[in-house]
Amino acid sequence: GSPNRVFINFFNTATGAFVGSAATLATFSSGTLYDLEFSPGGNYVYYASYFPSALYQVPIAGGTAIQMRNFGNFRGGGLKRAPDGYVYHIYDAGEPGATTRARLGRIIRPEEAYNNNFNDMSR
């Protein structure tokens, strides 16, 4: 729906019962939320929209969700934390039915707050 929301539910790990209400981390209205991934230390959540392709960072402890990069009218979205400590993201999945290659990026400093310089954090 619109707006999209990223939120956390807290639950008892022994019983599986939810504890309290959900905490909303971020709300946005542009694009369709596609995927999210936690940073290796759990301090940030990264989430991505499908179309237009964009990548966001939000601190778990609270704060403002930041759009790190808008890749434009590509289809993107997928995020995955890898064993090497980086968070990989699809920023261009190509056109539906096309034979083009998907393009990937990686966040090389996933535990750092975004500093308005995407090239410092991603390759």
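The numbering scheme is per chain: residues are counted from 1 as the chain's sequence reads. Reporting in this predicted model follows two pLDDT cut-offs: at least 70 for local features of residues, and 80 or more for side-chain atom pairs to be given and counted; totals over whole chains, interfaces and linings ignore these cut-offs and use all residues. Computation of side-chain values covers all heavy atoms of the structure but excludes hydrogens and water.

Chemist: Explain the sheet that holds strand β4 (residues 44-49) to me, please; I cannot follow it from the model alone.
Modeler: Within a beta sheet, neighbouring strands are joined by backbone hydrogen bonds and run either parallel or antiparallel to one another. Here, any two strands with at least 2 DSSP bridges between them count as paired. Per the convention used, a helix needs a DSSP run of H or I reaching at least four residues, while a strand needs a run of E reaching at least two, with both numbered from the N terminus. Within the open sheet, the four strands sit side by side as β3-β4-β5-β6. Their pairing is antiparallel. The open sheet has two edge strands with one neighbour each: β3 (33-38) and β6 (66-72). Sheet twist, expressed as the average angle between the axes of neighbouring strands with direction ignored, equals 15°. The pairing of strand β5 (residues 53-59) with β6 spans five bridges and is classified as antiparallel. Among the inter-strand pairings, Ala-54 is bridged to a residue of β6, identified as Asn-70. For helices, the axis comes from a line fit to the C-alpha atoms of the stretch in contact; other axes are also lines fit to C-alpha atoms, and the angle between any two N-to-C directions lies between 0 and 180 degrees.

Chemist: Would you mind showing me how to read the confidence of the model for the protein chain here?
Modeler: Keep in mind that low pLDDT regions are not for reading the predicted coordinates in detail. Confidence scores labelled pLDDT are given residue by residue by the predictor and lie between 0 and 100. Across the protein chain, the average pLDDT comes to 83, with 91% of residues at or above 70. Considering each helix and strand of the protein chain separately, the mean pLDDT is smallest for strand β2 (residues 23-28), with a value of 75, and largest for strand β7 (residues 79-81), with 93.

Chemist: I'm lost on the environment of Asn-115 in this one. Help?
Modeler: Position of Asn-115 relative to the elements: it lies in the loop between β9 (103-107) and α1 (118-121). Whether two residues are in contact is decided by their heavy atoms, any of which lying within 4.5 Å being enough. If we skip the residues at most four places from it in the chain, Asn-115 touches Asp-120 and Met-121. For the purposes of these results, a polar contact is taken to be a pair of N or O atoms within 3.5 Å, where, inside protein, one atom must be able to donate a hydrogen and its partner to accept one; residues adjacent in sequence count only when each atom of the pair is a side-chain atom. Polar contacts involving the side chain of Asn-115 include one to the main-chain amide nitrogen of Asn-117, which spans 3.0 Å.

Chemist: Help me out: how do you make sense of the sheet that holds strand β8 (residues 87-92) in this one?
Modeler: An order of β7-β8-β9 is seen for the three strands of this open sheet, with the pairing classed as antiparallel. Where the open sheet ends on each side, the last strands, each with one partner, are β7 and β9. Across the sheet, the mean angle separating the axes of adjacent strands is 25° when strand polarity is ignored. Across five bridges, β8 lies against β9 in antiparallel orientation. Directly across from Val-87, in β9, lies its bridge partner Ile-107.

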